[in-house]
Amino acid sequence: MESQNQTPNSNIIVNPTPTSSFPTNLIKKVRTNLVIHSKLAELNGAVGDLGTYVPLVLALTLAKDLNLGTTLIFTGIYNIISGTIYGLPMPVQPMKCIVAVALSSGPEFGVPEIMAAGICTGGVMLVLGVTGLMQLIYKLVPFSVVSGVQLAQGLSFALTALNYVEKIQKFPVSKSWEYRPWLGLDGLGLAISCAGVMILVDGVGKGVQQHGQSDHKIISTHETNNSDQLEKCGTKIRAHIRKFMAFLPTALVIFLFGIIVAFIKRPKVVSDIKFGPSSMRVVKFSRHAWKEGFVKGTIPQLPLTVLNSVISVCKLSSDLFPGKELSATLVSVMVGMMNIVGCWFGAMPSCHGAGGLAAHYKYGGRSGGCVALLGVAKLGLGLALGTSLVKILSQFPIGVLGVMLFFAGIELAMASRKLSSVEDSFVMLICTVVSLVGSDTVLGFVCGIFVHFLLRIRKFLE
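The structure presented is a predicted model; accordingly, all values stated were derived computationally and were not measured.

Quick word on helix H21 (residues 398-414)
In a regular helix each residue adds 1.5 Å, so 17 residues correspond to 24 Å; H21 covers 24 Å between its end C-alpha atoms and thus fits that length. With respect to burial, H21 is a largely interior element, 14 of its 17 residues being buried.

This is the structure in structure tokens:
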């Protein structure tokens, strides 16, 4: 009888365990997504996307009085949430079309119009995600067309980066001025030297972590199987140099070097720094702001957001991280929520981007911990320095940022190389050429879709 009475009691004790499995699995999932495989590699990858982020944020801050402190706080939170949810080095970037419209327009397109454009874009992306339409679009778009968009975006980044390196930039007016001098703290020689170091250390774009693993195998093989050769001085030196280069976080080192140069260029910048966060206010919108924001900002930005921030990102994630293909629905909802929340407080309209993902990957980012570290840094700077940080960034050598952006663009362009047929390559190149010549990604996308279906009809008739 006692044993029979004990059985129900044991069942009662066991029953709560299924309900406790959800938080346990959630915590385990978060830990997995934020795991840092290599500290130096992830730190290096964290700064890989700053070549795109810094110039655009700096331009809006100087030209349109964007609240840099608020933007840093919100984009830092976005980075942390993105790393936690995706488990990949998912970037948080400015919405480039909205930035371009703001910089090319007069005072009639100010902060309220910029934020209205971001909220409207975010609202549409949220609807597309919740209704499942974004997932349908993602499945229907051919891979060759996505590759064409990626190639065009990557080459566009590279060409913009070369302009940063070659000419002096005036971000408040969004123009390039005279050619950059060879010598100086922001000269052409400094930028070329940084590019040479990155090519020498990083090679053709393999991540730091992969380099470290392969070099470790080489060294261990020499130690075990070719001990006689390791006794030679030259072989030992080369092995140690390879190991040093494998773990050298080039992007992080070059970015910190740029910060030092900024203080050297203008030592008095220290006195301009004010500690403490910037005041955060809710943006006041007028009917004119909503109209101008939607017509001039949302309409041109929306196609690029759908293509580059969702479709290209999901395709590229499956290419760079096999078995980790992202859901187009999740990415679309995330982009929507970022802007619906943050833009009300004056944070820059933000999205994800294939170029940023390629940049983080190129410099060693392999997990969500990479962008989470960047998010913590942004959040800390936003709370500690606020808008006064713009005083430092305005002195940062733009040529060095151009070098980082250039290699990120090349990495994105290289991701389009995996095509299975001549027809796919044909469609990709048509999409790329039209996008670049017309400076219109949407036009290139439409042409790519048109050519793809013409080729399908031709194949069917054969």
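What to know about the side chain of Thr 298
Relative to the elements of secondary structure, Thr 298 occurs in helix H16 (residues 287-320). Those residues within four positions of Thr 298 in sequence are excluded, and the remaining contacts are Ala 116, Ala 117, Cys 120, Thr 121 and Gly 293.

Points about a nonpolar patch on the surface
A cluster of nonpolar residues, Met 280, Val 282, Met 337, Val 341, Trp 344 and Phe 345, forms a patch on the protein surface that exposes about 510 Å² of accessible area. Mapped onto the elements, Met 337 comes out in helix H17 (residues 328-342).

Re the environment of Asn 79
Tracing the backbone shows Asn 79 in helix H5 (residues 68-86). Considering only alpha carbons, one finds Asn 79 and Leu 373, 294 residues apart in sequence, at a separation of 8.3 Å. When neighbours within four sequence positions are excluded, Asn 79 is seen to be in contact with Met 90, Pro 91, Val 92, Val 371, Ala 372, Leu 374, Gly 375 and Lys 378.

Structural notes on the nonpolar core
Inside soluble globular proteins, nonpolar side chains tend to come together where they are buried. Grouped together as the largest cluster of nonpolar side chains are 104 residues, with contacts concentrated most on Leu 60, Leu 316 and Leu 326. If we skip the residues at most four places from it in the chain, Leu 316 touches Gln 150, Ala 354, Leu 357, Ala 358, Leu 412 and Ala 415.

Some points on empty space enclosed by the protein
Scanning the model with the defined rule gives one cavity of 30 Å³ or more in all. Computed from the structure, the largest cavity encloses a volume of approximately 30 Å³. Considering the residues around the largest cavity, the lining is formed by Pro 94, Met 95, Lys 96, Gln 301, Leu 304, Thr 305, Asn 308, Ser 309 and Cys 351. For the lining of the largest cavity, the leading source of residues is H16, giving five residues.

Overview of the side chain of Gln 169
With respect to the secondary-structure elements, Gln 169 resides in strand E2 (residues 167-170). We classify Gln 169 as buried; its relative accessible area is 14%. At 2.9 Å, the side chain of Gln 169 and the backbone oxygen of Asn 163 are in polar contact. A distance of 3.0 Å separates the side chain of Gln 169 from the backbone oxygen of Lys 167, its partner in a polar contact.

Details of the packing of helix H7 (residues 111-130) against H16
Running from N to C, H7 and H16 point in directions that differ by 45°, and their axes come no closer than 7 Å. In terms of orientation, H7 and H16 fall into the oblique class. Between H7 and H16 lies a crossing whose hand is right-handed. Grouping the amino acids of the contact of H7 with H16 by side-chain chemistry returns 14 nonpolar, seven polar and two charged.

Concerning the packing of aromatic side chains
Using the criterion set out here, one finds eight aromatic pairs in the structure. A connected cluster of aromatic rings, assembled from ring pairs, spans Phe 74, Tyr 78 and Phe 345. Across the ring face of Tyr 179, the terminal group of Lys 167 is positioned such that the distance to the ring centre comes to 5.2 Å. The residue whose ring lies beneath Arg 366 is Tyr 361, and the NZ or CZ to ring-centre distance is 3.8 Å.

Quick notes on the packing of helix H4 (residues 50-64) against H5
Taken N-terminus to C-terminus, the directions of H4 and H5 make an angle of 145°; their axes are 10 Å apart at the nearest point. Across the interface between the two elements, Tyr 53, Val 57 and Thr 61 from H4 touch Leu 68, Thr 71, Leu 72 and Thr 75 from H5. When grouped by side-chain class, the residues that make up the contact of H4 with H5 number four nonpolar, three polar and no charged.

A few points about the pattern of salt bridges
For the structure on display, the rule yields four salt bridges. Residues Glu 462 and Arg 458 are paired through a salt bridge, measuring 2.7 Å at the closest nitrogen-oxygen approach. Given the relative accessible area of 52%, Arg 458 is considered exposed.

A closer look at the layout of surface pockets
Considered as a void within the structure, the second largest pocket measures approximately 420 Å³ in volume. Lining of the second largest pocket is provided by 22 residues; of these, Leu 50, Phe 255, Leu 374, Ala 377 and Leu 381 occupy positions nearest its centre. Contributions of two or more residues to the lining of the second largest pocket are made by helix H3 (39-46), H4, H5, helix H14 (250-265), helix H19 (368-384) and helix H20 (390-393). At five residues, the largest contribution of residues to the lining of the second largest pocket is made by H19. Taken together, the residues of the lining of the second largest pocket break down into 21 nonpolar, no polar and one charged.

Procedures and definitions
Residues numbered from 1 in each chain as written. Predicted model: local features only at pLDDT ≥ 70, side-chain atom pairs only at ≥ 80, totals over all residues. Heavy atoms only, no water. Helix = DSSP H or I, 4+ residues; strand = E, 2+ residues; numbered from the N terminus. Expected span 1.5 Å × (residues − 1). Buried < 20%, exposed > 50% of the residue type's maximum accessible area, 1.4 Å probe, protein only. Contact = heavy atoms within 4.5 Å. Patch = residues over 30% accessible without salt bridge, like charges linked within 9 Å, V, L, I, M, F, W, Y side chains within 5 Å. Areas by Shrake-Rupley, 256 points an atom, 1.4 Å probe, with all protein chains shown as cover. Salt bridge = Lys/Arg side-chain N within 4 Å of Asp/Glu carboxyl O. Core = buried A, V, L, I, M, F, W, Y, C linked by side-chain atoms within 4.5 Å. 1 Å grid on protein atoms, 1.4 Å probe; cavity = no way out; pocket = protein on both sides within 12 Å on 5 of 7 lines; lining within 4 Å. Points joined across faces, edges and corners; volume = space filled by probe spheres on them. Polar contact = N/O pair within 3.5 Å; in protein donor to acceptor, adjacent residues only side chain to side chain. Axes fitted to C-alpha atoms, helices over the stretch in contact; angles between N-to-C directions. Parallel < 35°, antiparallel > 145°, perpendicular 65-115°, else oblique. Left-handed = near helix turned anticlockwise from the far one by under 90°. Nonpolar A, V, L, I, M, F, W, Y, C, P; charged D, E, K, R; others polar. Phe/Tyr/Trp six-rings, centres within 6.5 Å; stacked < 30°, edge-to-face > 60°. Lys NZ or Arg CZ within 6 Å of the ring centre and 35° of its normal.

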